Every structure is written in structure tokens, then in C-alpha cells.
Amino acid sequence: MDFSIKAFDTKNTLSAAKTGVLAVAVFENKKLSQAAQALDAGGAISAAVKSGDISGKPGSTLLLRGVSGVAAARVLLVGMGADDTVSEKNYGTAVGAALKVFGTLGSADGIIAFPLADVKDRDVNWAVQTLVIAANETEHRTDTQKSKKDPVPSGVRKIVIAADAANAATALKPVLAQALAISNGMALTKELGNLSPNVCTPTYLANTARQLADAYGFEIEVLERKQLEALKMGSFLAVAKGSEEAPKFIVLKHMGGNKKDAPTVLVGKGITFDTGGISLKPGPNMDEMKYDMCGAGSVLGTFRAIGEMNLKLNVIGIVAACENMPSGRATKPGDIVSSMNGLTIEILNTDAEGRLILCDALTYAERFKPAAVVDIATLTGACIVALGHHTSGLFTRHDEAHDALAQELLDAGKQAGDVAWRFPLGENYNEQLKSNFADLANIGTPGAASITAACFLENFTRKYTWAHLDIAGTAWKSGANKGATGRPVPLLTTFLMNRV
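Residues numbered from 1 in each chain as written. Predicted model: local features only at pLDDT ≥ 70, side-chain atom pairs only at ≥ 80, totals over all residues. Heavy atoms only, no water.

The name recorded for the chain in an unreviewed UniProt entry is Probable cytosol aminopeptidase, from Massilia hydrophila. In UniProt, the chain has this text filed under Subcellular location (unreviewed entry): "Cytoplasm". (UniProt positions renumbered as here; feature names shortened; annotations may be inferred.)

What follows is the structure in C-alpha cells.
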């Protein structure tokens, strides 16, 4: 999709714009938006609204052709609910409805002239980003591995977003560039998640990271098994033991800030397929365990976004990638392994493997003397029980520094429409991880499974400020709309942008 911003005011009016379709908002109480009024010199739009041809309810549409005094070939009226306050939900519904109609038209170009500044509790930046992400979502394809590709959609492919003044258009151009970067980052994350696990292996993730490094000038290092053994990453390697696929430990560096500034570190769980290991998962829906690398995918997608922006911040991405497979070499329940920081771990369940690879990655992050570390993982099904598929789980310690980091992430999620919810941590939950034979167990006693998983990770993060995002419920969708979502790339990218 090709986007641009253009000012339409008294010098360059909407009515004179030559385009295939021009979308404007109307409201439930038969009122017209400012843009709709500007096109209503002949009265056709007000007549359509008064007659009830369009209700104004969110997502309702009416396509008019040959509107008198309007140069556009078509005018699309889109309902946006009550005019006294445009809600976030109603705006999103209207955007989706407009794009659906755009996709059916015999025109390649169109203009969207929605009231960007009138969404309750949101700014123009959010409105533009929502529009761009929604539009690019309509173009996302899942037929990469099909022998016969799906039909290429027709309709509008060039969209102009209308601004109400020249200075507004100028101010929105960098906002549009940021929205496109976030959308492109989400697209990469979705592509990686949707690829079959025999293609998207740890080696594939490493090669993708190398391509990003080449494209955007990142520094990159990929550590192999012998290097991981030298670093004494016994916990990470315990998970990788059962697979023929070689583990990869990927480090990307975007050093866009001052050389002396401490970096922000993102750590992604990269289990490219999770059978559960010896603690084998049930067969139904096991195919969806290709999505267990979505934490890693979101780190790579975020790096694509900040690379496109050339973000003026030091950011390091760490991806611990391997498969979790059963075999004669695989780790067994009851095995005890040593982690990179020296703590011993009794593995009571080999399906609690994400925390085993992350703990060594989090220890490795110490060497960068980070300003903050955020790990991202499809870690626990319990998080889905708690939050469903709408909200990611956020976990940090409870002190001034960690409260501040948590608020940064929560605010970024709200700002981006990619929300998270904070859970508690504490010694009471750590008690559930006690082992008779090792320093800690990799699963807790029953109850609070998402929290005890985060508490396990917390043991390896005490030398810096840290937060954990559990994206098990938000990284992909099941059922008829099965596929990766690209979350939490918007949250992470916005969080980093706000740190500049």
C-alpha cells in the first residue's frame, strides 16, 4: 500500500481533488463531518443522510457516484457513530469499513478525509497509525508456501490521508513514516510466525537477522553451540539437546544514540517449534507451536521498524533460538542443569522450556550494562486464562526503578493500541519454585503459573532493571483467522521511540 499526506484547505479544496474515491465520515444524528460538509454543495450527501440511506452507525457505508461539484469519481460515506465524541472503537470500525469498500473498487487511488483529531482520548498520530496498520493488514498475504498463490486483491492501492492545513500535513509526514515502519516491522513478525517450522528454523532466524543487519547497518553476532558451551549456557543447551537443528544465539546492535549511553536490551524467546520435549504436548493444535518463536519474531520486527526510522537510541536485540524436541538425547524430567550465572535448575517439566533458554539470555544481557532489559515470550498458557487474547501480561519487580519501567511499557501499549496489564511478583511466589535438589525448579507448585514463570526469570535479572512480557495470548490467532498478529511490535517500538 502506498500512503501520502496532503493538505486540503481553502486553497486546495477536497471538492476539487481528482481521485477514484473520497471517503468522509457521517454521524448517527444525521450530521456531517467537516469534510463531508465541504463536499455537499449540491446537497447530495445531506439528502442521503436525511433519507436514511446511511444510518451513520459505526461501519455503515454508502457509495455515491457523480456527486455534483465534486471532482472525485466516487464519494464514500462512512458511519462513525455519535458526533459528540468519536470513540476509539468507532474510529477503528469506520477505518475497517472504508478499507473493505476500497478493496472492491475499480480504482487504484483514493483519499481518506476522516476527523483525525476528534477521537476521544487519542491524538492525530494515533489516528494515522491506526489507519496505516489497518490498511497494510488488508494486504498481508499468507500464501508464501502455496504452490498456487491466492488472487492478488484489486482496488485502491494508493491512499492519500487528508490533513486540514499545510502545517498539519507537514507535521504528520514523520508520523506517517513512523507508522509505516511499525507496520513493516509487524509484517516481518507475522511472516516469520506464519512460516512452517521446517522452514523457519533457528538458522532461518539467524539469516533473517543478518539480512536486517545488511539492510540497516546493524552490528550482528551469531553464537554457535561451541561458543554457548564455552559460556556455560547449560540451561539453554539443555532445551536444544533433543533436536537435530543447531541452536543459534543472535545478537543485533542498533547503536543510534550517544556512544556513552547505556543500551535498552530486548530479549526474545525463539523456540521455532515446541513439542514439549519428553513432557510431550497433546496432539490437537500442536501445529500452532510454530508460533513459540513469536517473541524472537517481535524483536526482529522491532529492529526492522527502528532501522527504518534510524532511531536515535542504542538498542540491543538478543534472540535465543532452538527447537524443543524429544529424542534419545533430550533432557528428561528430573534432570538438573547449571545455568550461565551458576544457579542450578531441576527440570520438572521439559515443556517449561522458554524460561530455560531465556534465563541464560538474560544473564548474557548483563555484559551490556543495560539501561533496561525487556524480555518477550510466548511463555505460559496461564496468561491466556488470565487475560484472554486481548492483552499481554507485564511482570516486573516492585520498586521505584521497576515501577517506572512498567509505566513506560503500559503507556506505550496504550499509546500504540497494543495493551498490556501488570501482574504482581514477590517472594511468596518465589517460594513455589523451591527444589529439594537444585537451587530452583523450572515450574512452581500449582497456582499463579504465569507469575511463577516470571519469578523464575527474575532470579537472573537482579543486576539491572528488567521487565517481562508474556505474549502467549496476543502473538497469534487460532481458528478460521489463524495467523500471527505482529504484536507486540507496536508496543515495543513506541516504548523505544519514547526513550529517545
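Student: How should I be thinking about the sheet that holds strand 4 (residues 74-79) in this particular structure?
Tutor: Across a sheet, strands are paired by hydrogen bonds formed along the backbone, either parallel or antiparallel in direction. Read from one edge of the open sheet, six strands run 1-6-5-2-4-3, paired in mixed fashion. For this open sheet the edge positions go to strand 1 (2-7) and strand 3 (61-65), each flanked by a neighbour on one side alone. The average angle at which neighbouring strand axes cross in this sheet is 25 degrees, direction not considered. Taken together, the six bridges between strand 1 and strand 6 (residues 158-163) define a ladder with parallel strand orientation. Bridge assignment links Ala-7 to a residue of strand 6, and that residue is Ala-163. (Pairing = 2+ DSSP bridges. Helix = DSSP H or I, 4+ residues; strand = E, 2+ residues; numbered from the N terminus. Axes fitted to C-alpha atoms, helices over the stretch in contact; angles between N-to-C directions.)

Student: It is not clear to me how the side chain of Asn-194 should be interpreted in this structure. Could you clarify?
Tutor: Residue position: Asn-194 is located in helix 5 (residues 166-194). Taking the relative accessible area as the measure of exposure, Asn-194 reaches 17% and is therefore buried. Within the structure, the side chain of Asn-194 is placed 2.8 Å from the backbone nitrogen of Ala-484, a separation counted as a polar contact. Ignoring any residue separated from it by four or fewer positions in sequence, one finds Asn-194 in contact with His-140, Thr-142, Gln-145, Lys-290, Tyr-291, Gly-483 and Ala-484. (Buried < 20%, exposed > 50% of the residue type's maximum accessible area, 1.4 Å probe, protein only. Polar contact = N/O pair within 3.5 Å; in protein donor to acceptor, adjacent residues only side chain to side chain. Contact = heavy atoms within 4.5 Å.)

Student: So what exactly am I meant to see when it comes to unusual backbone geometry here?
Tutor: The linkage connecting Arg-487 with the following residue, Pro-488, adopts the cis geometry, with an omega of 5 degrees. You will see that Asp-121, though not glycine, has its phi angle at about 60 degrees, which is positive. Relative to the helices and strands, Asp-121 resides in the loop between strand 5 (109-113) and helix 4 (124-139).

Student: Honestly, the pattern of salt bridges in this entry has me stumped. Any pointers?
Tutor: Two side chains carrying opposite charge are able to pair once their charged atoms lie near each other. Here the structure, examined in full by the defined rule, presents 22 salt bridges. Residues Glu-458 and Arg-397 are paired through a salt bridge, measuring 3.0 Å at the closest nitrogen-oxygen approach. Note that Glu-458 is positioned in helix 14 (residues 449-458) and Arg-397 in the loop between strand 14 (392-396) and helix 12 (400-416), a separation of 61 residues in sequence. The same class applies to Glu-458 and to Arg-397, which are both buried. With a shortest N-O distance of 3.0 Å, Lys-434 and Glu-431 are connected by a salt bridge. Residue classification places Lys-434 among the exposed positions, given a relative accessible area of 59%. (Salt bridge = Lys/Arg side-chain N within 4 Å of Asp/Glu carboxyl O.)

Student: Mind showing me how you'd approach the UniProt feature "active site" (unreviewed entry) in the chain here?
Tutor: Mapped onto this numbering, the UniProt entry gives "active site" (unreviewed entry) at Lys-281 and Arg-355. Note on placement: Lys-281 falls in the loop between strand 9 (264-274) and helix 9 (294-309). Position of Arg-355 among the secondary structure elements: in helix 10 (residues 354-364).

Student: Looking at this model, I keep getting lost on the UniProt feature "binding site: Mn(2+) 2" (unreviewed entry) in the chain. Mind explaining?
Tutor: According to UniProt, the positions carrying the feature "binding site: Mn(2+) 2" (unreviewed entry) are Lys-269, Asp-274, Asp-292 and Glu-353. A stretch of 85 residues holds the annotated residues, and the largest C-alpha distance among them is 11.5 Å, short enough that they meet in one place. Locating Lys-269 in the fold gives a position in strand 9. Assessed through its relative accessible area of 2%, Lys-269 is described here as buried. Secondary-structure assignment places Glu-353 in the loop between strand 12 (344-346) and helix 10. If we ignore the near neighbours within four places in the chain, the residues touching Glu-353 are Val-239, Lys-269, Ile-271, Asp-274, Asp-292 and Asn-324.

Student: Help me understand helix 5 in this model?
Tutor: One turn of the α-helix equals 3.6 residues, which is why residues spaced by three or four share an orientation. With 29 residues, helix 5 ought to run about 42 Å at 1.5 Å a step, and its terminal C-alpha atoms sit 41 Å apart, in line with that. If you look at helix 5, its biggest bend is around 30 degrees, right at Leu-172, and the proline Pro-174 turns up within four residues after that. (Expected span 1.5 Å × (residues − 1). Bend = angle between axes of the 7 residues up to and from the residue.)

Student: Can you help me understand the packing of aromatic side chains in this one?
Tutor: For any pair of aromatic rings, the description rests on two quantities: the centre-to-centre distance and the angle between the ring planes. Applying the stated criterion to the full structure yields 10 aromatic pairs. On the basis of an interplanar angle of 50 degrees and a centroid distance of 6.2 Å, the ring pair of Phe-236 and Phe-249 is categorised as tilted. Of this pair, Phe-236 sits in helix 8 (residues 234-240) while Phe-249 sits in strand 8 (residues 248-255), placing them 13 residues apart in sequence. You'll find Phe-236 and Phe-249 in the same group, each marked buried. Ring centres of Phe-249 and Tyr-364 lie 4.9 Å apart, and the angle between their planes is 70 degrees; on these two criteria the pair is classed as edge-to-face. Taken as a pair, Phe-249 in strand 8 and Tyr-364 in helix 10 lie far apart in primary sequence, 115 residues in all. Residue Phe-249 shares its accessibility class with Tyr-364, and that shared class is buried. Following the ring pairs from residue to residue traces out a cluster consisting of Phe-236, Phe-249, Tyr-364 and Phe-368. (Phe/Tyr/Trp six-rings, centres within 6.5 Å; stacked < 30°, edge-to-face > 60°.)

Student: What is the right way to read the pairing of strand 14 from this model?
Tutor: Walk down a regular strand and you will see the side chains alternate between the two sheet faces. Counting buried positions along strand 14 gives five out of five residues, so the element sits mostly inside the fold. Residues of strand 14 alternate between two faces, with Ser-392, Leu-394 and Thr-396 on one and Gly-393 and Phe-395 on the opposite face, all of them buried. Of the strand pairs in this sheet, strand 14 and strand 15 (residues 420-423) are connected by four bridges, and their pairing is parallel. If you follow Gly-393 over to strand 15, its bridge partner there is Trp-421.

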